[in-house]
Amino acid sequence: MTLTTSDFLGLSDWVYQNGGLFDDPNPPAPGTGVDINGIHFQVVLTGYNPDTGYAGAVLFDSEDNVLVIVNRGSQQIEDLAVIDQIMATENINNQWPAAKKLAEDALAYAAKY
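Anyway, here's the lowdown on the structure attached to this text. Keep in mind it's a predicted model, so treat the numbers as computed, not measured. (Residues numbered from 1 in each chain as written. Predicted model: local features only at pLDDT ≥ 70, side-chain atom pairs only at ≥ 80, totals over all residues. Heavy atoms only, no water.)

1. Concerning the nonpolar core
Among the nonpolar cores identified, the biggest contains 13 residues, and L11, W14, V34, F41, L59 and V70 are the most heavily contacted of them. Among the elements of the structure, α1 (5-17), β1 (33-36), β2 (39-49), β3 (54-61) and β4 (66-72) are those that each provide at least two residues to this core. Apart from residues no more than four positions distant in its own chain, V34 is found in contact with W14, I39, H40, F41, V43 and L59. Of all hydrophobic cores here, the second largest spans nine residues; its members include V44, Y54, A106 and Y109. (Core = buried A, V, L, I, M, F, W, Y, C linked by side-chain atoms within 4.5 Å. Buried < 20%, exposed > 50% of the residue type's maximum accessible area, 1.4 Å probe, protein only. Helix = DSSP H or I, 4+ residues; strand = E, 2+ residues; numbered from the N terminus. Contact = heavy atoms within 4.5 Å.)

2. Regarding the pattern of salt bridges
Within this structure, the stated rule accounts for two salt bridges. Linking E104 and K100 is a salt bridge whose minimum nitrogen-to-oxygen distance equals 3.5 Å. Of this pair, E104 and K100 both sit in helix α4 (residues 96-111), four residues apart, which is roughly one turn of that helix. For E104, a relative accessible area of 43% puts it in the partly exposed group. Taking the relative accessible area as the measure of exposure, K100 reaches 38% and is therefore partly exposed. For the salt bridge of K101 with D105, the shortest nitrogen-to-oxygen distance reads 2.8 Å. Taken together, the residues span about one helical turn, with K101 and D105 both in helix α4 at a distance of four residues. You can call D105 partly exposed: its relative accessible area is 30%. (Salt bridge = Lys/Arg side-chain N within 4 Å of Asp/Glu carboxyl O.)

3. As for the pairing of β1
For a regular strand, side chains alternate in direction, first toward one face of the sheet and then toward the other. Here β1 shows one buried face, formed by V34 and I36, and one open face, formed by G33 and D35. Where β1 lies against β2, four bridges are found, and the strand directions are antiparallel. Pairing of V34 across the sheet is with F41, part of β2. (Pairing = 2+ DSSP bridges.)

4. Points about the packing of aromatic side chains
Summed over all chains, the structure comprises one aromatic pair. Ring geometry for Y109 against Y113: centres 4.9 Å apart, planes inclined by 45°, an arrangement best described as tilted. (Phe/Tyr/Trp six-rings, centres within 6.5 Å; stacked < 30°, edge-to-face > 60°.)

5. A closer look at unusual backbone geometry
At N37, a residue that is not glycine, the phi angle is positive and equals roughly 50°. Inspection of the secondary structure puts N37 in the loop between β1 and β2. Looking at N37, the relative accessible area reads 47%, which means it is partly exposed. With a phi close to 55°, N65 is a non-glycine residue in the positive phi region. Looking at where N65 falls in the secondary structure, it is placed in the loop between β3 and β4. Overall, N65 belongs to the exposed group, its relative accessible area being 60%.

6. Regarding the environment of P27
Locating P27 in the fold gives a position in the loop between α2 (19-23) and β1. With a relative accessible area of 29%, P27 lands in the partly exposed category. P27 sits 18 residues away from L45 along the chain, and the two C-alpha atoms are 9.9 Å apart.

Take a look at the structure:
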């Protein structure tokens, strides 16, 4: 099954609405279930950097044997005022290293299966 635009919007909404979970010392644990538009995903990996506000997760759709990476960038007003300003004025995306690491971890995870 191909993910639809609505599915991607649902995944984005999940990571932004639940991004606060990442602020907790215990982010969504591997094995946590996530239901989006009738598709059941399971959290397999998470990434979080409190210094930049980055949060992300790798979700597994066992029905289609697909991994999906969802990323949350800036969320809070503080992010917009500080982190996004740094990205804009210095032309540096300081969330990129954490997002790249999560993608690399997802590739390593996929290679095991």
